[in-house]
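Architecture at a glance
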Amino acid sequence: TDSVSESRRDERVLQFLRLINNLFVKRKETSRRYLSFSIPSVVPLSPNMRLVEEDESSLSLFDVYRESCRNKTDPYSVVSKYHDKLVMHRSRGFEITDSTLKDVFVELQSKDVPSTILRDWASRTYKTATEYWTFRKQFTSQISLLGFAEFVFHLNALPPSCIEISRNFGTISPLFYHFDVLGN
């Protein structure tokens, strides 16, 4: 079935990233920088069910956003505003182009989603300058490594709900990666 093949695809990508970790350890420059993918352990129980290791301290980027919206607004309201603006644009008889999508995105981002959400969360979570700096260094190296892997290996772009951040270590665990060579 489709869910079985998708599950196997995800596992293959995680295995591939583990192999790359072995290469990172053997290379002088990547070993010196402690570069490695943080890959959760996956145990298949049946063809369409698996156990995925999760750090108790981890949360997704969407959880960070949802935490910033607490007591202010509904975190899903931005999505409905986005769709409402596109429907309104279409009802006026205009074609929806890439520039239209970008303009709507920029408008909503400037009004409803401040660019400092992650920084504010990190400064609240990590009280001392050393903790904050360590998290920031680890997080930026992890997110850049994942971005590079997405580009080079044609992996699908992950939504914020599939990027798990470990509060204890600052590592990022990707969930549900698969090769996206055809752009699907």
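Residues numbered from 1 in each chain as written. Predicted model: local features only at pLDDT ≥ 70, side-chain atom pairs only at ≥ 80, totals over all residues. Heavy atoms only, no water.

**Structural notes on the pairing of strand β1 (residues 42–46)**
Of the pairings in the sheet, the one linking β1 to strand β2 (residues 49–52) comprises four bridges and is antiparallel in character. Across the sheet, residue P44 finds its bridge partner in β2, namely R50. The turn joining β1 and β2, which pair antiparallel and follow one another in sequence, is formed by two residues. (Pairing = 2+ DSSP bridges. Helix = DSSP H or I, 4+ residues; strand = E, 2+ residues; numbered from the N terminus.)

**Looking at the pairing of strand β4 (residues 163–166)**
Along any regular strand, the residues point their side chains to alternate faces of the sheet. Residues I163 and I165 line one face of β4 and the alternating positions E164 and S166 line the opposite face, and both faces are buried. Note: strand β3 (residues 58–60) against β4, three bridges, orientation antiparallel. Bridging from a neighbouring strand, S58 pairs with S166 of β4. (Buried < 20%, exposed > 50% of the residue type's maximum accessible area, 1.4 Å probe, protein only.)

**Quick look at the environment of V52**
Within the secondary structure layout, V52 lies in strand β2. Here V52 falls in the partly exposed class, since its relative accessible area comes to 37%. The spatial distance from the C-alpha of V52 to the C-alpha of V42 is 4.6 Å, given a sequence separation of ten residues. If we skip the residues at most four places from it in the chain, V52 touches P40, S41, V42 and L175. (Contact = heavy atoms within 4.5 Å.)

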